[in-house]
Amino acid sequence: MDFNLTEDRQMLSNTLTRYLAERYQIEHRNSIAYKAPFHDPSKWKEMAKLGIFSALVNEADGGFGGAGADIAVVFEALGHALSCEPALPLLMATRLLNAARQNQAALLEGTAHYAVAIAEPDAPYDLSDITAIASDDHCLSGRKTSVYGGNIADYFLVAARAGDHLNLYQVHATDAEVVPYGLIDGGGAAEVLFDNTKAKLLIENAQSSLKDALDAGTVALCSEAVGMMDVTYQITIDYLKQRKQFGRPIGSFQVLQHRAVDMLTEIEQSRSITIKAASELGGPNASRYASMAKNMIGRSARLVAEEAIQMHGGIAMTWEYAVSHYAKRLIMIDHQLGDTDFHLHRVMGMLNST
Amino acid sequence: MDLNYSTTELAFQSEVQEFLADNLPNHIVSVVRAGDGLTKDMMDEWHSILKKKGWLAATWPKKFGGPGWTPVQKHIFEEEYCQAYAPRVVPFGVNMLGPVLHKFGTKEQQDTILPRILSGEDWWCQGYSEPGAGSDLASLKTQAERSGEYYIINGQKTWTTLGQYANKIFCLVRTSKEGKLQQGISFILVDLDTPGIEMRPIRLIEGGHEVNEVFFTDVRVPIANLVGEENKGWTIAKYLLSHERTGIAGVGFSMQALAEVKTIAATIKRGSKRLIDDPLFAARLAEVEIDLEAMKITNLRMLFRAQEQGSPGPETSILKIKGTVINQELRDLARRALGPLAAPFPGHFGESNILFGPPDTAFNAARYFNNRKASIFGGSNEIQRNILTKTMLEL
Ligand SMILES: Cc1cc2nc3c(=O)[nH]c(=O)nc-3n(C[C@H](O)[C@H](O)[C@H](O)COP(=O)(O)OP(=O)(O)OC[C@H]3O[C@@H](n4cnc5c(N)ncnc54)[C@H](O)[C@@H]3O)c2cc1C
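As the structure is a prediction and not an experimental result, all values here were calculated from the model.

How each quantity is defined
- Residues numbered from 1 in each chain as written.
- Chains lettered and ligands numbered in written order.
- Predicted model: local features only at pLDDT ≥ 70, side-chain atom pairs only at ≥ 80, totals over all residues.
- Heavy atoms only, no water.
- Contact = heavy atoms within 4.5 Å.
- Buried area = accessible area lost by both parts, 1.4 Å probe.
- Salt bridge = Lys/Arg side-chain N within 4 Å of Asp/Glu carboxyl O.
- Polar contact = N/O pair within 3.5 Å; in protein donor to acceptor, adjacent residues only side chain to side chain.
- Helix = DSSP H or I, 4+ residues; strand = E, 2+ residues; numbered from the N terminus.
- Buried < 20%, exposed > 50% of the residue type's maximum accessible area, 1.4 Å probe, protein only.
- Near = heavy atom within 4 Å.
- Areas by Shrake-Rupley, 256 points an atom, 1.4 Å probe, with all protein chains shown as cover.
- Domains from an automatic or database assignment.
- Phe/Tyr/Trp six-rings, centres within 6.5 Å; stacked < 30°, edge-to-face > 60°.
- Lys NZ or Arg CZ within 6 Å of the ring centre and 35° of its normal.
- pLDDT = per-residue confidence, 0-100.

Attention shifts here to the interface of chain A and chain B. On the chain B side, the residues contacting the 50 residues of chain A number 52 residues. For the pair chain A and chain B, the summed buried area comes to about 4,300 Å², and 60% of that belongs to carbon and sulfur atoms. On the chain A side of the contact with chain B, Ile184(A), Met317(A) and Trp319(A) bury the most area, a combined 17% of that side's loss. For the pair chain A and chain B, the interface holds six salt bridges. Here Arg259(A) and Glu382(B) are joined by a salt bridge, their closest N and O atoms 2.9 Å apart. Linking chain A with chain B are 25 residue pairs in polar contact (both at pLDDT 80 or more). Contributions of two or more residues to the side of chain A that touches chain B are made by strand 3 (139-148), strand 6 (177-182), strand 7 (188-198), strand 9 (244-245), helix 8 (254-280), helix 9 (286-312), helix 10 (322-332) and helix 11 (340-349) of chain A.

Listed below in structure tokens is the structure:
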């Protein structure tokens, strides 16, 4: 047993962390996160050059990583910096393009953006609820909602129903109706509407590829949350030491001490379940552990976000203060790829399996 | 024991309902429903409609032009008011400074200031908190020094809600450094037009502008603007905190939020199922409903006791703690229910008129974030617990 990162991953982590600490500080992040294009294109290219995206893909497909642990390392660092770059759609696209045996050089070099269009207004989380439909000659109709990175995408990878199964299609962004917008927690997305829109069939019967992309995305989001919770916790602890009321640091009040300890406990638990989910990715139990992780993150991220604000008092309610932005992202992660209850249902459904 | 309203109370309830149906403008209701920010004009418009009816200053005694309602009547009013999606009355003049002047103001202050609060000519804001003095309000440092017929004020206030619309501010200032911190504080009225005052906006977590910082540099304020005696401001501040506690539980607003969440959950679909038929979501909602039903009665019991004893007791801190938690829980559900549809930054859709979720839900995530303030201001929930520990537990 060894919980240390391999040398390669440690290096990956150090490289990305150092890069973000120098080039992607919170003030910069906040200056780009809330106005179009809702990310920083030049930083995106730099990260591609650093090889960060290739770390998300295995060697056979032109990368040098691709395991759950690689994904965890990258997204934890991104979460730490509160990155609003469209790395999640990129990761999910690599999984799908791999499965479809498509070339992804442009994606990994950062020259083409792909967005993954699965969720719909009435099918926010569950693949089996999808109603977007494909005709026999591969024309799509339907609406995809909250497509992360959809505001800047060149291509959409779209899950649509064909008869009694789900296929995966690729659509040129210019062929669809795209309504771009910014997100309350920073970053961009789009509503994407298809009306007999021509598409290319990538994967026939794509259920298991889609599940894999969702599981990988879920591990990524959980890792991102762990990175964000670490920062939020640290800022909170520092503030408890430094802020004085009634002539003493507020950190000397036992009620706040105990609640900070509860935060720490939940963060450690979240880190553990995320490590487990990352290690199961690609295996037969991937979905079960991804759901366990996402359920726990849904609970812990809310606790950490709300307690961090409360224990700061008014200051963390302000746009100026970094915690407010971490808190927004921590809360809104529960609205992506399945919320606490959705994943709890999935774990409940598997109580009898081992 | 009888949980029903008396016939007079029921008649009063119908009167309130009728008034709201006839007088509450639709364009205001739609903004309140959506949870969007009201403009100053809308607040002023509603202020004058209530004023005309004589119901603006619901908390004022009859002799100062209030309706002379009992606590139960105030409660009925609040309940109906929220049900109708009427906007909150801006509290700083009407519900804060008004009662202070009734008790501590000179005749002249009462005669000149109170009518201008009612007419809406003056918009007051509250200058208590400072960067270094939040929960520990008594440590405030903004200084007022006597110089002839004036005080010269230097320092900084912060978190000044709706200060951007105000022309006046009531402040707690330090007039003495002798003795206990509480003994050197005075309550003073300041014209925001006075030279040396600068107001700067603070942007809140969800992006809105509702609070401000106010800087004072050698601001000259006539001595006549002092309320009560010099160095007795703390008594006034405490009076204000304990005086008006009707509505502190926010029961009306929570009832409104509960109804909203039910509507959303019955509209939102997860596949072919309505969200409200999902047992996990339904369980969350049912639990808050139980808490709220209990809180309605807790609130009424405390109102009743206040009516019997003449003043509310320290146990009203229970209303603040639990009331805000219930409301925050409901705002959590209202956001959660929308799933991915809650994610857009409201107002970022440009020309598109594509619908996101059920009507009036575009601000649900923003409202959830903004409402985290409820357990922080007006004495944080931690401070309320400290009060209960001291006054009720005798530990
Ligand atoms: C949106 C908003 C609007 C506001 N509007 C106004 C306004 O119009 N006018 C005005 O004057 N003020 C206003 N306030 C200020 C508000 O009253 C203060 O934020 C509040 O008093 C808390 O002070 P603080 O923010 O400095 O937090 P702090 O007092 O620094 O508290 C930080 C944390 O420590 C905890 N804490 C402090 N002391 C203790 C203790 N003894 N035991 C246990 N825990 C403790 C607090 O509960 C909190 O969790 C507003 C605040 C907000 C957020």
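Attention now moves to the environment of Lys40(B). Residues and elements named next belong to chain B. Tracing the chain through its elements places Lys40 in helix 3 (residues 40-53). When its relative accessible area of 30% is taken as the criterion, Lys40 is described as partly exposed. Considered as a pair, Lys40 and Gln164 are 124 residues apart in the sequence and their alpha carbons are 9.8 Å apart. If sequence neighbours within four positions are ignored, Lys40 has contacts with Trp123 and Tyr165.

Glancing now at the site of the ligand. Around the ligand sit 30 residues, and of these Gln310(A), Ser135(B), Thr161(B), Ser380(B) and Glu382(B) come closest. Looking at what sits near the ligand, you find residues from chains A and B. At a separation of 3.0 Å, a nitrogen atom of the ligand approaches a polar backbone atom of Gln126(B). Contact distances for the ligand include 2.6 Å between an oxygen atom and a side-chain N or O atom of Glu382(B). Here the ligand loses 94% of its free accessible area of 980 Å² to cover by the protein chains. When contributions to the shell around the ligand are tallied by element, the ones reaching two or more residues are helix 8 and helix 9 of chain A together with helix 12 (381-393) of chain B.

The next subject is the domain arrangement of chain B. Residue and element names in this part refer to chain B. The domain boundaries assigned to chain B delineate domain 1 (7-89), domain 2 (124-232) and domain 3 (245-393). Each partner contributes to the interface: domain 2 provides five residues, whereas domain 3 provides seven residues. For the pair domain 2 and domain 3, the two sides together bury roughly 490 Å², of which 59% comes from carbon and sulfur. Here domain 2 and domain 3 share one salt bridge between them. Residues Glu210 and Lys373 are paired through a salt bridge, measuring 2.7 Å at the closest nitrogen-oxygen approach. At the junction of domain 2 with domain 3, the criterion picks out three residue pairs in polar contact (both at pLDDT 80 or more).

So, on to the packing of aromatic side chains. Tallied over the entire structure, the rule returns 23 aromatic pairs over all chains. Look at Trp44(A) and Phe53(A): their rings are 4.4 Å apart centre to centre, the planes differ by 40°, and that puts the pair in the tilted class. One exposure class covers both Trp44(A) and Phe53(A), and it is buried. With a centroid separation of 6.4 Å and an interplanar angle of 80°, the aromatic rings of Phe246(A) and Phe253(A) are classed as edge-to-face. Residue classification places Phe253(A) among the partly exposed positions, given a relative accessible area of 22%. Among the aromatic residues, ring-to-ring pairing joins Phe12(B), Phe19(B), Trp46(B), Trp55(B), Trp69(B), Phe77(B) and Tyr81(B) into one connected group. The lysine or arginine in question, Arg220(B), covers the ring of Tyr150(B), its NZ or CZ lying 4.4 Å from the ring centre.

Turning our attention to the confidence of the model for chain B. As a general rule, the predicted coordinates of low-pLDDT regions are not to be interpreted in detail. In this model, chain B carries a mean pLDDT of 94, and residues with pLDDT of at least 70 account for 98%. Scored as a whole, the predicted complex attains pTM 0.97, and scored at its interfaces, ipTM 0.97.

Quick look at the domain arrangement of chain A now. All names here are of chain A. Split into domains, chain A comes out as domain 1 (7-108), domain 2 (114-205) and domain 3 (208-353). Distance between the C-alpha centres of domain 1 and domain 3: 21 Å. Taken together, the contact pairs 21 residues of domain 1 with 28 residues of domain 3. In total, domain 1 and domain 3 occlude about 1,900 Å² of area from one another, counting both sides; carbon and sulfur atoms represent 71% of this. In this structure, the connection of domain 1 to domain 3 is made through two salt bridges. Linking Arg271 and Glu76 is a salt bridge whose minimum nitrogen-to-oxygen distance equals 3.9 Å. Those elements giving two or more residues to the side of domain 1 that touches domain 3 turn out to be helix 2 (26-33), helix 4 (68-80) and helix 5 (87-99).

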